Every structure is written in structure tokens, then in C-alpha cells.
Amino acid sequence: MALSRRLPVVSDRPAARAGLRSERTLWPDRGPGVFEQELESIEDALMTTTVEKAVAWAQSGSMWPDTFGLACCAIEMMSIVSSRYDIARFGMERFSSSPRQADLLIISGRMTHKMAAPARQVYDQMLEPKWVIAMGACASSGGMFNNYTVLQGVDKIFPVDIHVPGCPPRPEALMEGIIRLHEKIRAGVPPAYQIRGVAE
């Protein structure tokens, strides 16, 4: 003899749609208490989230870049603060000259072996969490300079989160890389230094 089992009717309130399993959502015939009535009245007006998501949203919306312009890519990087591109829309209009007040390092241009030690020092002085964007072919892989002076990619001295291709990349490409970095942060992807080390 098969037993018929009646599935509970789940309400269409936001907490029930979000997967909250309580008596109020799984037992629709039960009369609500005083607390449940108050909760039901404010449930549609509140936006619920987790602390991690709120912190990630705040981090992506208040990122302060540190300038490390080395070559022609630096001119393209400087133009993103102009009114045409307006990086202030993303809360990033303050380019910091001090690594202690920055959390995004944009390496724009070719990195020589002579500049590797100062760049690593700047990276080490940045507070955590910190992110790195390698802007251009030279910063990403050495570009056309395959010789003894140019470092073949800045990922040999610190981990890179976003590589922006181009020689030099246009400001739109850098903005795209910044937006992709914001998406990674909001999705909860940890910075590159927590995932992997530097290339050997």
C-alpha cells in the first residue's frame, strides 16, 4: 500500500524564494505570530546579503590604483581619468602615489630587470587585499623586447590578477580589465597572491 505524501506549499515571499526553510514558509496553514507578522511586513522592503558579499561589493567600489607607468602604456592609463572615460564611475578616480594607500597596482609598460626590485618593494608595501593588473604585451610577456634587459612578464616578480592585451592597449581595454577585476572580486575570487605564487 503506497502512502501518499503531500508536499508543503511554499509561499512566494522573497525569503521562501531564497530557500529559507522555516515553519512560516513550509507550513502555510499555521497562523503567524507577532514576530512573523512584523517580519512579513518588512520582508519585501529589505535586501538580504552576506557579510562577505557586502565587503566584496565595497572593495570593488572603492579601489584605489597605484600608478606604475613605465612606457607608452602609461599614457593610455593616464587617459582613463579624463572625462571621456571617467573612471570615477567606479570609485577609482584617486590614483595614489603611495603604495600604503593603494590596493590595485597597474603595471603599464615594459619592466626591466633594474626596475624589478623597486616594483616588488612597492608591491610589498601595499596593504592586503591587493590586486595587480599587467597592462600591455610588455608587462604581460615582455612583448617585442626579448632581450637581456626586459623582464619577460611581471608575473615573475608578483602574481597578476588581470592581463590586459595590446601594444599599447586602448583605455577601453584597460577599463574592460578593471570591470573584469571587479566581477572577480564580487564573485568571491580571492586575489592572485592567495591562489598562486610567482612564476619560476
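Residues numbered from 1 in each chain as written. Predicted model: local features only at pLDDT ≥ 70, side-chain atom pairs only at ≥ 80, totals over all residues. Heavy atoms only, no water.

Enquirer: Just to check I follow, could you spell out the overall build of the protein for this structure?
Expert: Assigned secondary structure in the protein consists of nine helices and four strands. Put simply, the protein runs from its N terminus to its C terminus through helices and strands in the order α-α-α-α-β-α-β-α-β-α-β-α-α. Across the protein, every contact between residues at least 6 apart in sequence was considered, and the portion connecting residues at least 24 apart equals 74%. With the model as given, the accessible surface of the protein reaches about 12200 Å², and the carbon-plus-sulfur share is 57%. (Helix = DSSP H or I, 4+ residues; strand = E, 2+ residues; numbered from the N terminus. Contact = heavy atoms within 4.5 Å. Areas by Shrake-Rupley, 256 points an atom, 1.4 Å probe, with all protein chains shown as cover.)

Enquirer: Any chance you could explain helix α6 (residues 113-125) here in plain terms?
Expert: Residues separated by three or four positions in an α-helix point in the same direction, a consequence of the helix having 3.6 residues per turn. Compared with an ideal rise of 1.5 Å per residue, which puts 13 residues at 18 Å, α6 spans 19 Å between its outermost C-alpha atoms and is within 8% of the ideal. Within α6, the full set of buried residues consists of A116, A119, V122 and Y123. With its buried residues spanning 130° around the axis, α6 presents them on a single face. Opposite the buried face of α6, by more than 90 degrees, sit the exposed residues K114 and A117. (Expected span 1.5 Å × (residues − 1). Buried < 20%, exposed > 50% of the residue type's maximum accessible area, 1.4 Å probe, protein only. Arc of directions from axis to C-beta.)

Enquirer: Please clarify how the environment of S79 should be interpreted in this entry.
Expert: Structurally, the position occupied by S79 is in the loop between α5 (73-78) and β2 (104-108). Owing to a relative accessible area of 21%, S79 belongs among the partly exposed residues under this scheme. C-alpha separation for the pair S79 and R170, spaced 91 residues apart in sequence, amounts to 9.3 Å. When sequence neighbours within four positions are dropped, the list of residues in contact with S79 reads Y85 and P171.

Enquirer: Looking at this structure, how should I read the pairing of strand β1 (residues 65-69)?
Expert: Looking along a regular strand, one sees the side chains alternate between the two faces of the sheet. Here β1 runs beside β2; their pairing, made up of five bridges, is parallel. Following the sheet pairing, T67 is matched in β2 by I106. Chirality of the crossover, the property in question, places the unit of β1, α5 and β2 among those that are left-handed. (Pairing = 2+ DSSP bridges. Right-handed = clockwise from strand over helix to strand, strands pointing away.)

Enquirer: Explain unusual backbone geometry here, please?
Expert: Keep in mind that most residues, glycine aside, have a negative phi and that most peptide bonds are trans. Here E128 and P129 are connected by a cis peptide whose omega angle stands at 0°. Mapped onto the fold, P129 is located in the loop between α6 and β3 (131-135). At the junction of C167 and P168, the peptide bond is cis and its omega measures out at -15° in the coordinates. Positionally, P168 belongs in the loop between β4 (162-164) and α8 (171-186). With phi around 55°, D86 is a residue other than glycine that occupies positive phi space. Inspection of the secondary structure assignment puts D86 in the loop between α5 and β2. For D86, a relative accessible area of 30% gives the class partly exposed.

Enquirer: So what exactly am I meant to see when it comes to the environment of M126 here?
Expert: Secondary-structure assignment places M126 in the loop between α6 and β3. Taking the relative accessible area as the measure of exposure, M126 reaches 4% and is therefore buried. M126 sits 21 residues away from L105 along the chain, and the two C-alpha atoms are 8.7 Å apart. Leaving out residues up to four positions away in the same chain, M126 has contacts with P99, A102, D103, L104, L105 and W131.

Enquirer: Sorry if this is basic, but what is going on with the pattern of salt bridges here?
Expert: The final tally for this structure, using the stated rule, is four salt bridges. When the shortest N-O distance is used, the salt bridge between E176 and R180 registers 2.6 Å. Taken together, the residues span about one helical turn, with E176 and R180 both in helix α8 at a distance of four residues. Judged by its relative accessible area of 36%, E176 falls in the partly exposed class. One salt bridge in this structure joins R180 and E183, with 3.0 Å as the shortest N-O distance. Here E183 and R180 lie together in helix α8, a separation of three residues that amounts to about one turn. (Salt bridge = Lys/Arg side-chain N within 4 Å of Asp/Glu carboxyl O.)

Enquirer: I keep staring at the packing of aromatic side chains and nothing clicks. Help me out?
Expert: Remark: the centre distance and the inter-plane angle together describe each pair of aromatic rings, the angle taken between the planes. Throughout the structure, instances matching the rule amount to one aromatic pair. Taken together, a centroid distance of 5.0 Å and an interplanar angle of 25° make the contact between Y123 and F158 stacked. Residue Y123 is located in helix α6, and its partner F158 is located in the loop between α7 (137-141) and β4; the two are separated by 35 residues in the primary sequence. In this pair, the class of Y123 matches that of F158, namely buried. Over the face of the ring belonging to Y123 we find K130, whose NZ or CZ atom lies 4.1 Å from the ring centre. (Phe/Tyr/Trp six-rings, centres within 6.5 Å; stacked < 30°, edge-to-face > 60°. Lys NZ or Arg CZ within 6 Å of the ring centre and 35° of its normal.)

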